[in-house]
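# Residue-level structural notes
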Amino acid sequence: MNIKEMTGLELLKAMCAGKAPAPSISETIPMTPYEVTLGSIHFKAKADQRHLNPLGGVHGGFAATVLDSVTGCAIHTMLEAGVGYGTIDLNIKMCRPIPQNKDLIAIGTVINMSKNLGISEGKIVDEEGKLYAHATATCMIIRA
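Numbers given to residues run from 1 along each chain, matching the order in which its sequence is written. Local features in this predicted model are restricted to residues whose pLDDT is 70 or higher, and side-chain atom pairs enter the listing and the counts only when it is 80 or higher, whereas totals over whole chains, interfaces and linings include all residues. In computing side-chain values, all of the structure's heavy atoms are included and hydrogens and water are not.

When helices and strands are tallied, the protein shows three helices and six strands. Numbering of helices and strands starts at the N terminus; helices are DSSP runs of H or I of at least 4 residues and strands are runs of E of at least 2. Mapped from its N terminus to its C terminus, the protein presents α and β elements in the order α-α-β-β-α-β-β-β-β. To get the radius of gyration, use the C-alpha atoms; to get the globule rule, take the number of residues to the power 0.38 and multiply by 2.2 Å. For 144 residues, the compact-globule formula gives about 15 Å, and the C-alpha radius of gyration of the protein, at 15 Å, lands near that figure. Along the three orthogonal principal directions, the C-alpha set of the protein runs to about 45 × 30 × 30 Å. Contact definition: two residues touch when any of their heavy atoms are within 4.5 Å. The long-range fraction of contacts in the protein, counting pairs at least 24 apart against all pairs at least 6 apart in sequence, stands at 61%. For the protein, the exposed surface amounts to about 7700 Å²; the carbon and sulfur share of it is 54%. Each accessible area is a Shrake-Rupley estimate made with a 1.4 Å probe; only the visible protein chains count as cover when residues are assessed.

Positionally, arginine 50 belongs in the loop between strand E2 (40–45) and helix H3 (60–76). Here arginine 50 falls in the partly exposed class, since its relative accessible area comes to 47%. The spatial distance from the C-alpha of arginine 50 to the C-alpha of aspartate 103 is 15 Å, given a sequence separation of 53 residues. The residues contacting arginine 50, other than those within four sequence positions of it, are Glu27, Thr28 and Pro30. There is a polar contact of 3.0 Å between the side chain of arginine 50 and the backbone oxygen of glutamate 27. Polar contacts, as counted here, are pairs of nitrogen or oxygen atoms within 3.5 Å of one another; within protein the pair requires one atom able to donate a hydrogen and one able to accept it, and residues that are adjacent in sequence qualify only if both atoms are side-chain atoms. There is a polar contact of 2.9 Å between the side chain of arginine 50 and the side chain of aspartate 48. A simple rule labels every residue: compare its accessible area, found with a 1.4 Å probe on the protein chains alone, to the largest value its type can have, and call it buried under 20%, exposed over 50%, or partly exposed in between.

Let's shift gears to the side chain of serine 120. In this structure, serine 120 sits in strand E5 (residues 117–125). On the accessibility criterion, serine 120 (0% relative accessible area) is buried. A polar contact of 2.9 Å, which involves the side chain of serine 120, links it to the backbone oxygen of threonine 71. Aside from chain neighbours lying at most four places away, what touches serine 120 is Thr71, Ala74, Ile75, Thr109, Val110, Ile111, Ala135, Thr136 and Ala137.

Read from one edge of the open sheet, six strands run E1-E2-E4-E5-E6-E3, paired in antiparallel fashion. The strands lining the two open edges of the sheet, one partner per strand, are strand E1 (31–37) and strand E3 (83–94). Direction aside, the axes of adjacent strands within the sheet are offset by 25 degrees on average. Packing of helix H1 (residues 8–16) onto the sheet brings it into contact with E1 and E2, and relative to E1 it is tilted by some 130 degrees. Here, strands pair whenever DSSP counts at least two bridges between them. To obtain each axis, a line is fitted to C-alpha atoms, and for helices this fit is confined to the stretch in contact; angles are then taken between N-to-C directions over 0 to 180 degrees.

Looking now at H3. Take the number of residues in a helix, subtract one, and multiply by 1.5 Å to get its expected span. Helix length check: H3 (17 residues) gives 24 Å between terminal C-alpha atoms against 24 Å at 1.5 Å per residue, within 8%. Burial analysis of H3 places 12 of its 17 residues in the buried class, which makes it a mostly covered element. For H3, every residue scored as buried is listed here: Phe62, Ala63, Val66, Leu67, Ser69, Val70, Thr71, Gly72, Cys73, Ala74, Ile75 and His76.

UniProt's feature table lists "domain: Thioesterase" (unreviewed entry) at residues 56–132, given in the numbering used throughout. In this annotation, residues 56–132 is assigned 22% helix and 43% strand; the end-to-end C-alpha distance for the span is 17 Å. UniProt positions are given in the numbering used here, feature names are shortened, and annotations may be inferred rather than shown by experiment.

It is worth spelling out H1 at this point. For H1, the full list of buried residues reads Gly8, Leu9, Leu11, Leu12 and Ala14. In the core, the buried residues of H1 are packed alongside E1, E2 and H3. Glycine 18 occupies a position one or two residues after H1 and carries a positive phi of about 75 degrees.

Structure (structure tokens):
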């Protein structure tokens, strides 16, 4: 399997199916893609004791990393083989504290794509749909 020859959607589908390796960031921040379509992706995520700030709450960087991942991956689903992307802007609103040891769902959705930029949004919710954090992102499309 040569990932450079796969479209973004093909690569992310392979990751969901366990046929492509997960990125190493998922070892630090437990997040796993489980559903992907053109322009949309769903991750499972769970903060644990490794993600706490000095006051004992889940560090905001946990939500920021998960939201950067789902917004970027949503853009990636739209890209042809050999094309990359990089986040140039990430705007996050923390709506309530991220709980520790609770299964959460992170959803990324494309809002707009152009030749050079992709704009997407992401949210972290629980199984009941309660919103914990929301983000919008702009990604630069990198064509070789």
